[in-house]
Amino acid sequence: MAAMTNDARADVGVGLAFALASATAFGLSGSFARGLLDAGWSAGAVVLVRLTLGALVVLPLAARALRGRWGALRKQWRFVLAFGAVPVAGAQFGYFSAVQRMDVGPALLIEYTAPAAVVLWLWLRNGERPGRLTVAGALLAAVGLVLVLDLLSGADLAPLGVFWALFAMVGAATYFVLAAKPHADLPPVALAGVGLAAGALVLAVLGVVGLLPMHANTDSPAYSGTEVAWWLPLLGLGVVTAGFAYCTGIAASRRLGSRLSSFVALLEVVAGVTFAWLLLDQLPGPLQLVGGVLIIAGVVVVKLGERPPAERPTAAPSMKLQPLAQESA
């Protein structure tokens, strides 16, 4: 019994380390992308290159992990395609489209109200009704969102930017739920590699048929007043914020579950605001910072309000989780 407890604690520790690494890497993406967007790139082109480079980095590892298990990939191709299209390509396109129209910090804070959406989904789907603390946390996050959007001062909201940030929030919530689904025959690195490739394929098709603008150039993007070679932020986006971030993020979700991994991933907001300050000279105003603290505090309260696993229904959730991938596909 003691050995099993130690193993469980070690597994949670490894999961937390993966989650921290993933959140930090993801936090870089908005700043890297903003420099390219300001230089004339379209959001679709940035995401396409990011996912393509990430796939090229991860696919060799995915092929090795899938050796002898290619049948599992064929069997779950709908789940993989849905994972690549919605939480991978969709969330990142929404986020970069938001960053193009508003600062990185507020866009991230809106996106990372996703844990509240995860709680709502689990309530509607699995009957896991939130308690008073959870509701209080959601209300606290809502107040924080009002401050982040600067609604009280009547400032220009950049409605399209807010829309894309909310779109990214839906994609992020979908990511936390799908990444945590148990697929013993589909290793995390395989899901990351094939998911990145599937997302890139979806974006490429949309670009070819003309539904998604694809603009790119070799102009030098600027970060904190210093111009750099155009390929440097692209390399960072592909290798660090895509390949590395998705591998570690999926590995964390498998060990921690959708709620806890989405909670730890809030550190991406801290990393994103820090990198935006260092690389783009962007820093939210005082009220927005207070709002950001309230959003994070609200998610903390949501987490504290969760019922222990032992108190949740045992049979119904396990029976109801399985069809999710089929419905999302």
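If you look the protein chain up in an unreviewed UniProt entry, it shows as Threonine/homoserine efflux transporter RhtA from Solirubrobacter pauli. The record held by UniProt for the protein chain lists under Subcellular location (unreviewed entry) the comment "Cell membrane".

Student: Account for the overall build of the protein chain, naming residues and giving values.
Tutor: Assigned secondary structure in the protein chain consists of 15 helices and two strands. Per-residue burial for the protein chain yields a buried fraction of 48% across its 329 residues.

Student: How would you sum up the side chain of S31? Please name residues and give values.
Tutor: Looking at where S31 falls in the secondary structure, it is placed in helix α2 (residues 29-38). Discounting chain neighbours no more than four positions away, the residues touching S31 are V104, Y223, G272, F275, A276, L279 and L280.

Student: Outline the side chain of Q282, supporting the account with residue identities and numerical values.
Tutor: Looking at where Q282 falls in the secondary structure, it is placed in the loop between α12 (267-280) and α13 (286-304). Only 3.5 Å separates the side chain of Q282 from the side chain of D103, close enough to count as a polar contact. A distance of 2.9 Å separates the side chain of Q282 from the backbone nitrogen of V104, its partner in a polar contact. Sequence-distant contacts of Q282, defined by excluding residues within four places in its chain, comprise R34, D103, V104, V273, A276 and W277.

Student: Explain helix α5 (residues 77-99) to me, using residue names and the numbers behind them.
Tutor: Here α5 contains 23 residues, and its C-alpha end-to-end distance of 31 Å stays within 8% of the 33 Å for a straight helix at 1.5 Å per residue. The sharpest bend along α5 reaches about 30° and sits at G90. Most of α5 is tucked away: 18 of the 23 residues are buried.

Student: Mind laying out the packing of helix α7 (residues 114-126) against helix α9 (residues 159-179), listing which residues take part and the relevant values?
Tutor: The N-to-C vectors of α7 and α9 enclose an angle of 60°; their axes lie 8 Å apart at closest approach. Our classification of the angle between α7 and α9 gives oblique. Considering how the two elements wind past one another, α7 and α9 form a crossing that is right-handed. In contact with A114, A117, V118 and W121 of α7, α9 contributes M169, A172, A173, F176 and V177.

Student: Would you mind going over the pattern of salt bridges in detail, with residue names and values included?
Tutor: For the structure shown, the criterion picks out one salt bridge. Across the salt bridge formed by R34 and D38, the nearest N and O atoms sit 3.0 Å from each other. On the criterion of helical spacing, the pair formed by R34 and D38 is a turn pair, its members being four residues apart in helix α2. Here D38 falls in the exposed class, since its relative accessible area comes to 54%.

Student: Residue-level account of unusual backbone geometry, with values.
Tutor: Phi angles above zero are rare outside glycine, and S224 is one such case at about 55°. Mapped onto the fold, S224 is located in the loop between β1 (222-223) and β2 (226-227). Despite not being glycine, D281 shows a phi value in the positive range, around 60°. D281 sits in the exposed class, given a relative accessible area of 59%.

Student: Report on the packing of aromatic side chains, specifying residues and quantitative values.
Tutor: Applying the stated criterion to the full structure yields eight aromatic pairs. Relative to W164, the ring of F93 lies with its centre 5.2 Å away and its plane at 85°, an arrangement referred to as edge-to-face. Of this pair, F93 sits in helix α5 while W164 sits in helix α9, and the two are 71 residues apart along the sequence. The class for W164 is buried, based on a relative accessible area of 18%. With a centroid separation of 6.5 Å and an interplanar angle of 40°, the aromatic rings of F163 and F167 are classed as tilted.

Student: Let's hear about α12: which residues, and what values?
Tutor: Between its first and last C-alpha atoms α12 spans 19 Å; for 14 residues at 1.5 Å apiece the expected length is 20 Å, and the two agree. Turning to α12, its buried residues are E268, V269, A271, G272, V273, A276 and L280. Backbone geometry just downstream of α12 places D281 in the positive-phi region, at approximately 60°.

Student: Describe in detail the environment of L140, supporting the description with residues and values.
Tutor: Tracing the backbone through its elements, the reader meets L140 in helix α8 (residues 132-148). Sequence separation between L140 and V301 is 161 residues, and the spatial gap between their C-alpha atoms is 8.6 Å. Discounting residues that sit within four places of it in the chain, L140 has contacts with L294, A297, G298 and V301.

Student: Let's hear about the confidence of the model for the protein chain: which residues, and what values?
Tutor: Per-residue confidence for the protein chain gives a mean pLDDT of 80, with 84% of residues at or over 70. Counting contacts from residues 309-329, a segment whose pLDDT is below 50, to residues more than four positions away or on other chains yields 23 contacts.

Reading the values: the criteria
- Residues numbered from 1 in each chain as written.
- Predicted model: local features only at pLDDT ≥ 70, side-chain atom pairs only at ≥ 80, totals over all residues.
- Heavy atoms only, no water.
- UniProt positions renumbered as here; feature names shortened; annotations may be inferred.
- Helix = DSSP H or I, 4+ residues; strand = E, 2+ residues; numbered from the N terminus.
- Buried < 20%, exposed > 50% of the residue type's maximum accessible area, 1.4 Å probe, protein only.
- Contact = heavy atoms within 4.5 Å.
- Polar contact = N/O pair within 3.5 Å; in protein donor to acceptor, adjacent residues only side chain to side chain.
- Expected span 1.5 Å × (residues − 1).
- Bend = angle between axes of the 7 residues up to and from the residue.
- Axes fitted to C-alpha atoms, helices over the stretch in contact; angles between N-to-C directions.
- Parallel < 35°, antiparallel > 145°, perpendicular 65-115°, else oblique.
- Left-handed = near helix turned anticlockwise from the far one by under 90°.
- Salt bridge = Lys/Arg side-chain N within 4 Å of Asp/Glu carboxyl O.
- Phe/Tyr/Trp six-rings, centres within 6.5 Å; stacked < 30°, edge-to-face > 60°.
- pLDDT = per-residue confidence, 0-100.

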